[in-house]
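In case you want the letters, here they are:
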Amino acid sequence: MRAKKLQIILNLKVESEILALHQNSTRSHKKTMEANQVLNQSDYENYQINQMVASFIEKNHDLQNLTSHGQEIAERRLLEAILRKTLKELSDIKFAIDQAAIVAITDQRGIIQYVNDKVYEISQYSREELIGKSHRLLNSKYHPPKFFKDLWSTISSGRVWRGEIKNQAKDGSYYWVNTTIVPFLNDLGQPYQYLAIRFDITERKRVEEALQESQKCNHSLLHAIPDLMLRLDSKGVFLDFYPSKDDENAPKASEVLGKTIEEIFPQDLAIWTRHYLKLTLSTDKVQAAEYSTIINYNLYHYEARYVKSDKDEVLAIIRDITERKQGEIALRESEKRERERALQLEKALKELQKTQAQLVQAEKMSGLGQMVAGIAHEINNPISFIYGNLLHTNNYIRDLLHLLHLYRQNYQDPIPEIQDFAEECEADFLIEDLPKMVNSMNIGANRIRELVLSLRNFSRLDEAEMKKVDIHSGIDSTLLILQHRLKATEKRPDITLVKDYGNLPKIECYASQLNQVFMNIIANAIDAFEEQEEPGIITIKTEISQKSEPGINQDFVKISLSDNGHGINESVQNRIFDPFFTTKPVGKGTGLGLSISHQIVVEKHKGELRCISNQNEGTLFEILIPVKAGN
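Residues numbered from 1 in each chain as written. Predicted model: local features only at pLDDT ≥ 70, side-chain atom pairs only at ≥ 80, totals over all residues. Heavy atoms only, no water.

1. Details of helix α16 (residues 471-481)
Of all eleven residues that make up α16, eight are buried, and the element is covered over most of its length. All buried positions along α16 are accounted for by Ile 471, His 472, Gly 474, Ile 475, Ser 477, Thr 478, Leu 479 and Leu 480. Among the residues of α16, the N-terminal cap falls to Asp 470, whose side-chain oxygen and the backbone nitrogen of His 472 are separated by 3.1 Å. (Buried < 20%, exposed > 50% of the residue type's maximum accessible area, 1.4 Å probe, protein only. Helix = DSSP H or I, 4+ residues; strand = E, 2+ residues; numbered from the N terminus. Polar contact = N/O pair within 3.5 Å; in protein donor to acceptor, adjacent residues only side chain to side chain.)

2. Overview of the nonpolar core
Within the largest apolar cluster, 39 residues are counted, with the highest numbers of intra-cluster contacts made by Ile 507, Phe 518, Ile 521, Ile 559 and Ile 623. Mapped by element, the contributors of at least two residues to this core are α16, β13 (507-509), α17 (511-528), β14 (537-549), β15 (552-563), α19 (593-604), β16 (608-613) and β17 (619-626). Ranked by the residues each element gives to this core, the list is headed by α17, at nine residues. With residues up to four places along the chain from it excluded, the contact list for Ile 623 reads Val 517, Phe 518, Ile 521, Val 557, Lys 558, Ile 559, Leu 561, Val 601, Glu 608 and Leu 609. Judged by nonpolar contacts, the second largest core, of 22 residues, contains Leu 230, Phe 238, Leu 269 and Tyr 306. (Core = buried A, V, L, I, M, F, W, Y, C linked by side-chain atoms within 4.5 Å. Contact = heavy atoms within 4.5 Å.)

3. Section: the pairing of strand β9 (residues 298-310)
By the bridge criterion, nine bridges tie strand β8 (residues 287-295) to β9 in an arrangement that is antiparallel. Residue pairing for β9: Thr 293 is matched across the bridge by Tyr 300. Counting the residues between successive antiparallel strands, the hairpin from β8 to β9 contains two residues, one of them, Asn 296, with a positive phi of roughly 55°. Two strands pair when backbone bridges link them, and β9 and strand β10 (residues 313-320) are joined in this way by eight bridges, in the antiparallel orientation. Within β10, the residue paired with Lys 308 across the bridge is Val 314. (Pairing = 2+ DSSP bridges.)

4. Comments concerning a negative patch on the surface
Taken together, the side chains of Asp 246, Asp 247, Glu 248, Asp 320 and Glu 323 present a region of like negative charge at the surface. Counting through the fold element by element, Asp 320 comes out in strand β10. Under the relative-accessibility criterion, Asp 320 is labelled partly exposed at 43%. (Patch = residues over 30% accessible without salt bridge, like charges linked within 9 Å, V, L, I, M, F, W, Y side chains within 5 Å. Areas by Shrake-Rupley, 256 points an atom, 1.4 Å probe, with all protein chains shown as cover. Salt bridge = Lys/Arg side-chain N within 4 Å of Asp/Glu carboxyl O. Lys, Arg positive; Asp, Glu negative; His and termini not counted. Charge placed at Lys NZ, Arg CZ, Asp CG, Glu CD.)

5. Considering the sheet that holds strand β5 (residues 191-200)
Reading across from one edge, β2-β1-β5-β4-β3 is the order of the five strands in this open sheet, with antiparallel pairing throughout. Because the sheet does not close on itself, it has two edges, and the strands there are β2 (112-115) and β3 (161-168). Put simply, the sheet's adjacent strands are angled 30° from each other on average, direction ignored. Two strands pair when backbone bridges link them, and strand β1 (residues 102-107) and β5 are joined in this way by six bridges, in the antiparallel orientation. Counted as the bridge partner of Val 103 is Ile 197 from β5. (Axes fitted to C-alpha atoms, helices over the stretch in contact; angles between N-to-C directions.)

6. Considering the confidence of the model for the chain
Considering every residue of the chain, the mean pLDDT works out to 79; 77% of them sit at 70 or more. At the low end of the mean pLDDT range in the chain sits helix α2 (residues 15-28), at 38; at the high end sits β3, at 94. Contacts for the low-pLDDT stretch residues 1-39, under 50 throughout, to residues beyond four places or in other chains number 45 contacts. (pLDDT = per-residue confidence, 0-100.)

7. Quick notes on the packing of α16 against α17
For the pair α16 and α17, the least separation of the axes is 9 Å and the interaxial angle reads 45°. It follows that α16 is oblique to α17 by the angle criterion. Crossing handedness for the pair α16 and α17: right-handed. For the pair α16 and α17, contact is made by Ile 471, Gly 474, Ile 475, Thr 478, Leu 479 and Ile 481 and by Leu 514, Asn 515, Phe 518, Met 519 and Ile 522, respectively. Its residues placed into classes, the contact of α16 with α17 shows eight nonpolar, three polar and no charged. (Parallel < 35°, antiparallel > 145°, perpendicular 65-115°, else oblique. Left-handed = near helix turned anticlockwise from the far one by under 90°. Nonpolar A, V, L, I, M, F, W, Y, C, P; charged D, E, K, R; others polar.)

8. Section: helix α14 (residues 416-424)
Within α14, only zero of the nine residues are buried, leaving the element largely exposed. Where α14 terminates, the next one or two residues include Glu 426, which has phi positive at roughly 55°.

9. Quick notes on the pairing of strand β4 (residues 174-185)
Consecutive side chains along a regular strand alternate between the two faces of the sheet. Where β3 lies against β4, eight bridges are found, and the strand directions are antiparallel. Looking at the pairing, Gln 168 lines up with Tyr 174 of β4. Joining the antiparallel neighbours β3 and β4 is a turn of five residues, in which Gly 172 adopts a positive phi near 95°. Bridge count for β4 against β5 is nine bridges, and the pairing is antiparallel. Bridge pairing in β5 places Pro 183 opposite Tyr 194.

Next up, the structure:
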């Protein structure tokens, strides 16, 4: 009877207290271990009980020296003490479990007999709705029938089952529980109850599902990205390897993982990759670079990006950009061709403009030359007739005057009619003025003859080919034509012309074209004096100049045309020889004069035309013409 009562307590899982009492008992009876070896299980239990009672009596002096009835009282008080302590501990354990776990107890058929408050909170079912029902009420149909078949097979055999279950709450929502089911066995070793202790892991499962979904998406993304991707540690060992989808000859991941960069890549590429691996880890910044390599005698271009993915890991994404590079090269070549074509078109346009300017100016000067030559010719014929007869006229008049003088000497008393006519025509005045008149006519005829010669010299229609000429005569002819423009106007005083001619030989040139150059430059100098209050001065100086180049010594005629006008600023100087560029108002300049002059001097005569000017300090044009053509 005593053994039965204490066996009930032992079945309540209070081994800790019993063992404590048992340890106290062994300190009083050192031979317990020897008894355990020789007694059977039933005798051993009685022996343990006796030892515990003896130890309890030893601690309580008022119970010593009792009779057999007192021995039973001592046993009862021991049982009550153990029971109170056990109930207190069980209550504390239940409270602690209720605060953290979801607890349920079912019978051997799985009918719910007890649930704690956590079950109501998570399942949203009341006590009345759960007690007497099975856990099928919470079945979410997530697990297959085999899952529950294996569960029942485990616990019905007396073994503990552990696993994760997805249940459905009353409102239709789902929750996960980490479950441990412990079977309670009877004396025959058969389960008569099941204790289920569960913990809510819904949030964890959500995170896991989200993580799995994310991993699934990442996996899909990795398969969708056509580039080569790899993950390296700080030592350059491959942790992951995803070959390019278009690279049929790429090694398999199993052939790469665990190996170093040097074992997989060529030496130059391995050095390059390790450099950017270290740079990415040391700077914590994304590194991007391009490299080229030759594979099967073909040049390939790649773009690599390195991103730090962990403390000592780097993710590299390598993209084949060969087609893009080839496109860029083709584009650059195309742009180069287009630029060259544009330059050719621009050059052709400039040539066309220059040719147009030449044609316009040539036509203009040709018309002017023809007009001047025509005028000179038409004037030359009558003036030659007049000039040729003036000599005879002068002789005839001189003879007539001498004859009249003889008449007066020999016939001093003329008839009244002659005397009256002599007084009427003022014969004495005629005798005195007539020689002067003839002399004036002679001077005028000479002047007209010189003008005709200057006009013919300027036009030089008979000198289209290069020949030796006196450059001074061309300058003087030009000045004669422009003489009227040197006179004072309402806006400015007379322009002073200063000539400082040197001793020049005749030079081989296109005379009429050089006269055109002189006229353009001098005419521009005259235009520069418009509205200038200070008297204008144009200085023309000629001299021999030498130009020395490696292996060549050449003589040039240097013609300097300067003025004291306002000068030309630097921005305009850079463009004054461009076709159609002019600073004059619309209608007063074509922008062709200096452009044509530059071409005549530089291209036709292989000379030089320079402009030297500073603002408010006047302008100097220097013309250099080789003395001998063809050098």
